[in-house]
Amino acid sequence: MTAPGALNSVAGSLYVVATPIGNLDDISARALKILREVALIAAEDTRHSLRLLQHFGIATPLAACHEHNERDEGSRFITRLLAGDSVALISDAGTPLISDPGYHLVRQARAAGINVVPVPGACALIAALSAAGLPSDRFIFEGFLPAKAVGRRARLESIKEEPRTLIFYEAPHRILECLQDMELVFGAERPALLARELTKTFETLKGLPLAELRAFVENDSNQQRGECVVLVAGWSAPESEEAVSSEAMRILNLLLEEMPLKRAAALAAQITGERKNVLYQVALDKQKGE
């Protein structure tokens, strides 16, 4: 048995290998070397990945590791790894685990003391961010939004005052509905960018305010095809000093029910980071209006 967190020196290594998202020239020399040398490749879709391997003349056996069998079949790969065989994990495109299967296998491998090695490469969200012209020092990745409108709008509402750049993946048949809801929740003027079919023949990177981006996609059915990444600029507080976020107002209102105005404003400022004098004035105006 291997102690938790300790590496099993007898086991093989699990390589998490990034593959191209479109342009096959983007695969790294290291990735090709690993894929040739491992005993087995765990692939999201073996038929899809077989074409990739055939293109590069790689004959390593493939086994399925997708969202429907990952929990149950993970032990099969762990058994091979513990026996000393090395395994490469790949997805259909890009970096495994990023809105793709692989998390459960990696977690099982680490729990078993197996060495997990990242082999970095293409990733659609990073490729899009690098060329978007939006702030890239701080960002959040939301993956795929809920498919139904109610859930999608609720998720967007929960992050509409997020100051970091927002990044989403979206299916082509939902991209227009997604942009419509973003315009509704974030506002027509919020800067955004659609990165579609990255590294492929019909690659598109179109940056516009949300209302204009929605209209662009609405008026061109070709923009409703292929793999989509949507980036939206983070929320910026209005220039007015009086502006207070909805979360700060919620906290302030709760505190006002339990303590004097001055104390409530001071405590709300500590919790939210808002200016104490602004919160005090907002609370004072609120009491005057009641």
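Residues numbered from 1 in each chain as written. Predicted model: local features only at pLDDT ≥ 70, side-chain atom pairs only at ≥ 80, totals over all residues. Heavy atoms only, no water.

- The name that an unreviewed UniProt entry assigns to the protein is Ribosomal RNA small subunit methyltransferase I, with the source organism given as Pseudomonas frederiksbergensis.
- UniProt lists a comment for the protein under the heading Subcellular location (unreviewed entry), and it reads "Cytoplasm".
- According to its UniProt record, the protein has this under Catalytic activity (unreviewed entry): "cytidine(1402) in 16S rRNA + S-adenosyl-L-methionine = 2'-O-methylcytidine(1402) in 16S rRNA + S-adenosyl-L-homocysteine + H(+)". (UniProt positions renumbered as here; feature names shortened; annotations may be inferred.)

## Observations regarding the overall build of the protein
Alright, step 1. The number of helices and strands found in the protein is eleven helices and ten strands.
Alright, step 2. For 290 residues, the compact-globule estimate of 2.2 N^0.38 gives 19 Å, and the protein exceeds it by more than 25% at 24 Å.
Alright, step 3. Principal-axis analysis of the C-alpha atoms gives the protein an extent of 75 × 55 × 30 Å.
Alright, step 4. Across the protein, the fraction of contacts at a sequence separation of at least 24, relative to all contacts at a separation of at least 6, is 69%. (Helix = DSSP H or I, 4+ residues; strand = E, 2+ residues; numbered from the N terminus. Rg over C-alpha atoms; globule rule 2.2 N^0.38 Å. Contact = heavy atoms within 4.5 Å.)

## Digging into the domain arrangement of the protein
Alright, step 1. On domain assignment, one finds that the protein holds domain 1 (14–122), domain 2 (125–232) and domain 3 (246–289).
Alright, step 2. Relative to domain 3, the C-alpha centre of domain 2 lies at a distance of 34 Å. (Domains from an automatic or database assignment.)

## Looking at the nonpolar core
In globular proteins that are soluble, nonpolar side chains generally tend to be buried together.
Alright, step 1. By size, the foremost hydrophobic cluster in this structure holds 21 residues, and its most contacted members are Phe168, Leu179, Met182, Phe186, Val230 and Val232.
Alright, step 2. If you list the elements that add at least two residues to this core, you get strand 7 (165–170), helix 7 (175–186), strand 8 (191–196), helix 8 (210–218) and strand 10 (228–232).
Alright, step 3. For this core, the element with the most residues is helix 7, which contributes seven residues.
Alright, step 4. Apart from the residues within four sequence positions on either side, valine 232 is in contact with Leu134, Thr165, Leu166, Phe168, Met182, Phe186, Arg190, Pro191, Ala192 and Leu210. (Core = buried A, V, L, I, M, F, W, Y, C linked by side-chain atoms within 4.5 Å. Buried < 20%, exposed > 50% of the residue type's maximum accessible area, 1.4 Å probe, protein only.)

## A word on the environment of arginine 155
Alright, step 1. Its location among the elements puts arginine 155 in helix 6 (residues 149–158).
Alright, step 2. By relative accessible area, arginine 155 is classed as partly exposed at 30%.
Alright, step 3. In the structure, arginine 155 is positioned ten residues away from leucine 145 in sequence and 7.3 Å away in space, judged by C-alpha atoms.
Alright, step 4. Residues contacting arginine 155, with those up to four places away along its chain left out, are Glu142, Phe144, Leu145 and Pro146.

## Looking at the packing of helix 7 against helix 8
Alright, step 1. Where helix 7 contacts helix 8, the axes come no closer than 9 Å and their chain directions differ by 160°. Classified by the angle their axes make, helix 7 and helix 8 are roughly antiparallel. Our pair here, helix 7 against helix 8, has a crossing hand that is left-handed. For the pair helix 7 and helix 8, the contacting residues are Ile175, Leu176, Leu179, Gln180, Met182, Glu183 and Phe186 in the first and Leu210, Ala211, Leu213, Arg214, Val217 and Glu218 in the second.
Alright, step 2. Tallied by class, the residues present in the contact of helix 7 with helix 8 amount to nine nonpolar, one polar and three charged. (Axes fitted to C-alpha atoms, helices over the stretch in contact; angles between N-to-C directions. Parallel < 35°, antiparallel > 145°, perpendicular 65-115°, else oblique. Left-handed = near helix turned anticlockwise from the far one by under 90°. Nonpolar A, V, L, I, M, F, W, Y, C, P; charged D, E, K, R; others polar.)

## Here we look at the pairing of strand 10
Alright, step 1. Within strand 10, five of the five residues are buried, leaving the element largely enclosed by the surrounding structure.
Alright, step 2. A two-sided burial pattern is seen for strand 10, the buried positions comprising Cys228, Val230 and Val232 on one face and Val229 and Leu231 on the other.
Alright, step 3. Alignment of strand 7 against strand 10, held across five bridges, turns out to be antiparallel. The residue of strand 10 that forms the bridge with glutamate 170 is cysteine 228.
Alright, step 4. Inspection of the sheet shows strand 8 paired to strand 10 by five bridges, in the antiparallel sense. Residue leucine 194 lies in a different strand from strand 10, and its bridge partner there is valine 230. (Pairing = 2+ DSSP bridges.)

## Details of the environment of serine 246
Alright, step 1. Along the chain, serine 246 turns up in helix 9 (residues 246–256).
Alright, step 2. The class of serine 246 is partly exposed, set by a relative accessible area of 45%.
Alright, step 3. A sequence separation of 85 residues divides serine 246 from glutamate 161, and the C-alpha atoms of the two residues are 8.4 Å apart.

## Thoughts on the sheet that holds strand 3 (residues 62–64)
Alright, step 1. The strand order across the open sheet formed by five strands is 3-2-4-1-5, and the pairing between neighbours is parallel. A strand with exactly one partner marks an edge of an open sheet, and here the two such strands are strand 3 and strand 5 (115–119). Adjacent strand axes in the sheet meet at a mean angle of 25°, parallel and antiparallel pairs treated alike.
Alright, step 2. Its contacts with the sheet put helix 1 (residues 29–37) on strand 1 (13–17), strand 2 (40–43), strand 4 (87–90) and strand 5, and the angle it makes with strand 5 is roughly 140°.
Alright, step 3. Contacting strand 1, strand 4 and strand 5, helix 4 (residues 103–111) runs over the sheet at an angle of about 150° to strand 1.

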